[in-house]
Amino acid sequence: MINTSTFLCILRRSIVAGAVVAAAVVGPASANKDPVTPKQLKLYQEAFMEEVRKGDLLFHGDAAMKEQLGVKLSTTGWACAMCHPMASDTHPQAFPKFQASMAKFATLRDMINWCIEKPSQGEKIDPESEAMKALEAYITWSNSGSVLVPGKY
Amino acid sequence: MSDELDRIRREMHAVLQQPGVRPDDSLQITRRTFIHRSLLFGAASVGQTFAWWPLLNTIDVAHAAEAPFKFAWISDTHLYERSLNTRFVDKVVRAVQEVQAMDPPADFLIFGGDLAQLGKIEELELGVELLKDLTIKKYYIPGEHDWYLDMGQKWGELFGQPNWTFDHKGVRFIGLDTVSRGPDYWTAKKMTPEERMGHMATLDGTVAGAWAGVGRDQLDWMQKTLADWDKSKPIVIFSHNPLYEYYPPWNFWVRDWREVNDVLKPYTKVTNIHGHVHQVLYNEIGSMRSIGMLATSWPWPYAPEGLPKLTKPMIRVDPGDPFDGVGWETVNVNADDKVDVEYIMWGRKEVFVQSPEDHDKSIAEVIRSRIADKQYPWANP
């Protein structure tokens, strides 16, 4: 017969095991219920900065990164940074807005694709692709001192 | 970065913008110049100043030429090979045709650097071929894009000495090389010529650093060149980079602007005309006026900080039109003591902003320097 302390021990292990499984399945939702650790913060920041780094390389026309992410951002030698050094004049803080050059209400991702297709004469990229997220990460990171002014011309 | 820039800027103002020091006080101040000057005093916020700027496409600079004449300026064509990029070729062809069609013709053309994009032989030769249709006398100064693949070898074969001087109708002209004396960032890191060029060709790159400068040897040459020139006679100096400090992270400066000022200080009628910035730019520093020229290739945005207060900004361009925000210039040197720079911006009647919203800085931005080229293998130890 199982005694009380053994039962409690099994119960405790089951709860821990269940929590581990649940954390693996549910992931970030559960992670947010625990106090964040410095180690976790570092990992989250590194994950973000890795995307910024990739976006920086794409933005500056790095051939290896374009190939790695399977994108053709220009066919003329052009790179985003040629009109937007340090991602200036990209104005991520002003999106979404009515974009006169597209004659529609647009997001930053719409604008990125418009620039790839028109001035850069490249091939539009999937708005959900890693390349798009990396470009968005770099552009927003570079402008992270700016104040949000959505809708501003 | 801002703190360091602020420090440099404060020093520049203390050295170059002392009370009572400005270009050529003895000459007439035109209405346009006067309006520009007035912006220095009082609270010149963006909103207030726009309302005061008149509708003008020219900048007046005072001079005393023996006889009126005009010359043309083309720069920053950034040519790739023809098979890769035809838009840049089309724009050079257009500029050449328009300069050739000037009536009366220009006395000469100044090409202000960055003929090529990546310094390749094919790119430089394409530039020569396209400019061949222009039959007036041509003078060339180099840009960094022309230089750092083979350290100026091909450029020298095509155009000769990068710095030069000549006199024309009472004006002494000087061409400077502000690109070839960049500190060596490539040897220790064992870069290939293509890698060296790639870093140099990235305006916002951090690896090539503050490469723009005149250099002590060339300053001595300029001093010697000017030694026999009357202090009150006009001098026009061409350079790829501006000869003052506007925005060092993009090399919108020369790092030895103090020494440049020392050499030019005794001369009262100095005008510097420069490329590199791909934008309308005007400043007065010490006894010199400085005028920035348009590219034919593409416009750079104004730097996030440091735009000279005397600059009336150019209009915000349409990125969907390859011919917008770019073009070439004529410079009229008149007998009535004026030099008139006219910006020929294709597709635009109004070169300058007409309202705050027309300025590319109407959306305030705070931006950071890039990171990817600060990491291995380009990181500094």
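Keep in mind it's a predicted model, so treat the numbers as computed, not measured. (Residues numbered from 1 in each chain as written. Chains lettered and ligands numbered in written order. Predicted model: local features only at pLDDT ≥ 70, side-chain atom pairs only at ≥ 80, totals over all residues. Heavy atoms only, no water.)

1. Describing the confidence of the model for chain B
The test is simple: For every residue, the predictor reports its confidence as pLDDT, a number between 0 and 100. Residue contacts follow a heavy-atom distance rule, with two residues in contact if any of their heavy atoms lie within 4.5 Å.
Looking at chain B, the pLDDT average stands at 85 and 84% of residues meet or exceed 70. The low-confidence segment residues 25-63 of chain B, where pLDDT is below 50, has 91 contacts with residues more than four positions distant or belonging to other chains.

2. Section: helix α3 (residues 38-59) of chain A
Residues and elements named next belong to chain A. Convention followed: Only DSSP runs of H or I with at least four residues qualify as helices, and only runs of E with at least two residues qualify as strands; both kinds are numbered from the N terminus onward. By this rule, a helix spans an expected 1.5 Å times one less than how many residues it contains. A 1.4 Å probe rolled over the protein chains alone gives each residue an accessible area, and that area as a share of the maximum for its type sets the label: buried under 20%, exposed over 50%, partly exposed in between.
For α3, built from 22 residues, the straight-helix expectation of 32 Å at 1.5 Å per residue is met to within 8% by its first-to-last C-alpha distance of 31 Å. The complete set of buried residues in α3 reads Val52, Lys54, Gly55, Asp56, Leu57, Leu58 and Phe59. On its buried face, α3 sits against α4 (63-68) and α6 (130-142). Positive backbone phi, at 75°, marks Gly61, one or two positions downstream of α3.

3. Focus on the sheet that holds strand β8 (residues 270-274) of chain B
Across a sheet, paired strands are connected by hydrogen bonds in the backbone, their directions being either parallel or antiparallel. Residues and elements named next belong to chain B. Let me state the cut-off plainly: A pair of strands is labelled paired if DSSP reports no fewer than 2 bridges between them. Here the axes come from fitting lines to C-alpha atoms, over the contacting stretch only for helices, and the angles between their N-to-C directions go from 0 to 180 degrees.
Overall, mixed pairing links the six strands, which are arranged β5-β6-β7-β8-β10-β9 in an open sheet. Two strands in the sheet have a free side with no partner beyond their single neighbour: β5 (164-168) and β9 (281-285). Put simply, the sheet's adjacent strands are angled 20° from each other on average, direction ignored. Two elements, β9 and strand β10 (residues 288-292), share five bridges in a ladder whose sense is antiparallel. Note that in β10 the partner of Glu284 across the bridge is Arg289.

4. As for the side chain of B:Ser239
All names here are of chain B. Put simply, the rule reads: In the analysis that follows, any N or O atom pair within 3.5 Å is treated as a polar contact, provided that within protein one partner can donate a hydrogen and the other can accept it, and provided that, for residues neighboring in sequence, both atoms belong to side chains.
Locating Ser239 in the fold gives a position in strand β7 (residues 235-239). With relative accessibility at 0%, the residue Ser239 sits in the buried group. Of note is the side chain of Ser239, whose polar atom sits 3.0 Å from the side chain of Asn272. The residues contacting Ser239, other than those within four sequence positions of it, are Trp73, Ile141, Leu176, Thr178, Asn272, Ile273, His274 and Gly275.

5. Remarks on the environment of B:Thr271
All names here are of chain B. Structurally, the position occupied by Thr271 is in strand β8. You can call Thr271 buried: its relative accessible area is 1%. For the pair formed by Thr271 and Met288, sequence separation is 17 residues and the distance between their alpha carbons is 5.6 Å.

6. A look at the packing of aromatic side chains
The line we're drawing: Stacked, edge-to-face and tilted labels apply to pairs of Phe, Tyr and Trp rings (six-membered ring for Trp) whose centres lie within 6.5 Å, assigned for plane angles under 30 degrees, over 60, and everything in between, in that order.
Counting across every chain of the model gives 32 aromatic pairs over all chains. Between A:Trp78 and B:Trp298, the ring centres sit 5.7 Å apart and the planes meet at 65°, which makes this aromatic pair edge-to-face. Of this pair, A:Trp78 sits in the loop between α4 and β1 (97-99) while B:Trp298 sits in the loop between β10 and β11 (327-334), placing the two residues on different chains. B:Trp298 matches A:Trp78 in its accessibility class, with the two residues each being buried.

7. A word on the packing of helix α9 (residues 216-226) of chain B against helix α10 (residues 257-264) of chain B
Residues and elements named next belong to chain B. Rules: For classification purposes, an angle smaller than 35 degrees is called roughly parallel, one larger than 145 roughly antiparallel, one from 65 to 115 roughly perpendicular, and anything else oblique. Should the near helix be turned counterclockwise from the far one by less than a right angle, the crossing is left-handed, whereas a clockwise turn marks it as right-handed. Three residue categories are used. Nonpolar comprises Ala, Val, Leu, Ile, Met, Phe, Trp, Tyr, Cys and Pro, charged comprises Asp, Glu, Lys and Arg, and polar comprises the others, including Gly.
Relative to each other, α9 and α10 sit at 15°, their axes nearing to 10 Å. Overall, the two elements α9 and α10 adopt an arrangement that is roughly parallel. Here the hand of the crossing between α9 and α10 comes out right-handed. Within the contact between the two elements, α9 uses Arg216, Leu219, Met222, Gln223 and Leu226 and α10 uses Glu259, Val260, Val263 and Leu264. Of the residues assigned to the contact of α9 with α10, the class counts are six nonpolar, one polar and two charged.

8. Let's talk about the nonpolar core
Selection rule: Only buried Ala, Val, Leu, Ile, Met, Phe, Trp, Tyr and Cys residues count toward a nonpolar core, and they belong to the same one when joined by side-chain atoms within 4.5 Å.
B:Phe71, B:Val99, B:Phe173, B:Met222, B:Ile237 and B:Phe238 are the most contacted members of the largest nonpolar core, which has 112 residues in total. When near neighbours in sequence (up to four residues on either side) are disregarded, B:Phe71 contacts B:Ala106, B:Asp107, B:Phe108, B:Ile110, B:Phe173, B:Phe238, B:Ile273, B:Glu329, B:Thr330, B:Val331 and B:Val333.

9. Points about the interface of chain A and chain B
Inclusion rule: A 1.4 Å probe defines the accessible area here, and the buried area is the portion of it lost by two parts on being joined, summed over both. Between Lys or Arg on one side and Asp or Glu on the other, a salt bridge is scored when a side-chain nitrogen of the former is within 4 Å of a carboxyl oxygen of the latter.
The interface of chain A with chain B comprises 35 residues on the first partner and 33 residues on the second. Taken over both partners, the interface formed by chain A and chain B buries close to 3000 Å², and the fraction arising from carbon and sulfur atoms is 59%. For the chain A face of the interface with chain B, the top three residues by lost area are A:Met82, A:Met86 and A:Tyr153, together amounting to 23%. For the pair chain A and chain B, the number of links is two salt bridges. For B:Lys361, the salt bridge is made with A:Asp89, and the minimal N-O distance between the two is 3.1 Å. Our count for the contact surface shared by chain A and chain B stands at 18 residue pairs in polar contact (both at pLDDT 80 or more).

10. Here we look at the environment of A:Leu135
Residue and element names in this part refer to chain A. Within the secondary structure, Leu135 is located in helix α6. The spacing of Leu135 and Lys54 is 81 residues in sequence and 7.6 Å in space, taken between C-alpha atoms. Residues within four places of Leu135 in sequence aside, it is in contact with Gly55, Leu58, Phe59, Ile112 and Ile125.

11. A short note on the pattern of salt bridges
Applying the stated rule across the entire model yields 26 salt bridges over all chains. With a closest N to O distance of 2.7 Å, B:Arg172 and B:Asp167 form a salt bridge. Each of A:Asp89, B:Asp360, B:Lys361 and B:Glu365 takes part in one network of salt bridges that share partners.

12. Digging into a nonpolar patch on the surface
Rule in force here: Patch construction takes residues with relative accessible area above 30% that form no salt bridge. Like charges are linked within 9 Å, and nonpolar side chains (Val, Leu, Ile, Met, Phe, Trp, Tyr) are linked within 5 Å. Using a 1.4 Å probe, accessible areas were evaluated by the Shrake-Rupley method; residue-level cover was limited to the displayed protein chains.
On the surface, A:Val36, A:Leu41, A:Leu43 and A:Tyr44 cluster together into a nonpolar patch covering about 400 Å² of accessible area. Relative to the elements of secondary structure, A:Val36 occurs in the loop between α2 (28-31) and α3.

13. Observations regarding the packing of helix α4 (residues 86-100) of chain B against helix α5 (residues 121-131) of chain B
All names here are of chain B. The geometry of α4 relative to α5 is characterised by a closest axis approach of 9 Å and an angle of 30° between their N-to-C directions. By the angle class used here, α4 and α5 are roughly parallel. For the crossing formed where α4 meets α5, the hand is right-handed. Together, Val89, Val92, Val93 and Val96 of α4 and Leu126, Leu130 and Leu131 of α5 make up the contact between the two elements. Of the residues assigned to the contact of α4 with α5, the class counts are seven nonpolar, no polar and no charged.

14. Looking at α9(B)
Residues and elements named next belong to chain B. Under the convention used in this document: Each C-beta atom gives one direction from the helix axis, and the arc is the one those directions make.
Those residues of α9 lying buried are Gln218, Leu219, Met222, Thr225 and Leu226. Viewed end-on, α9 has its buried residues packed into an arc of 120°, placing them on one side of the element. Check the buried side of α9 and you find it contacts β5, β6 (171-175), β7 and α10.

15. Comments concerning unusual backbone geometry
In this model, A:Phe95 is joined to A:Pro96 through a cis peptide bond whose omega is -5°. Relative to the helices and strands, A:Pro96 resides in the loop between α4 and β1. Of note, the amide linkage connecting B:Asp103 to B:Pro104 takes the cis form, showing an omega dihedral of 0°. Position of B:Pro104 among the secondary structure elements: in the loop between α4 and β3 (108-111). Its identity as a non-glycine residue notwithstanding, A:His91 has a phi of 50°, on the positive side. Position of A:His91 among the secondary structure elements: in the loop between α4 and β1. In this structure A:His91 comes out as buried when scored by relative accessible area, which is 5%.

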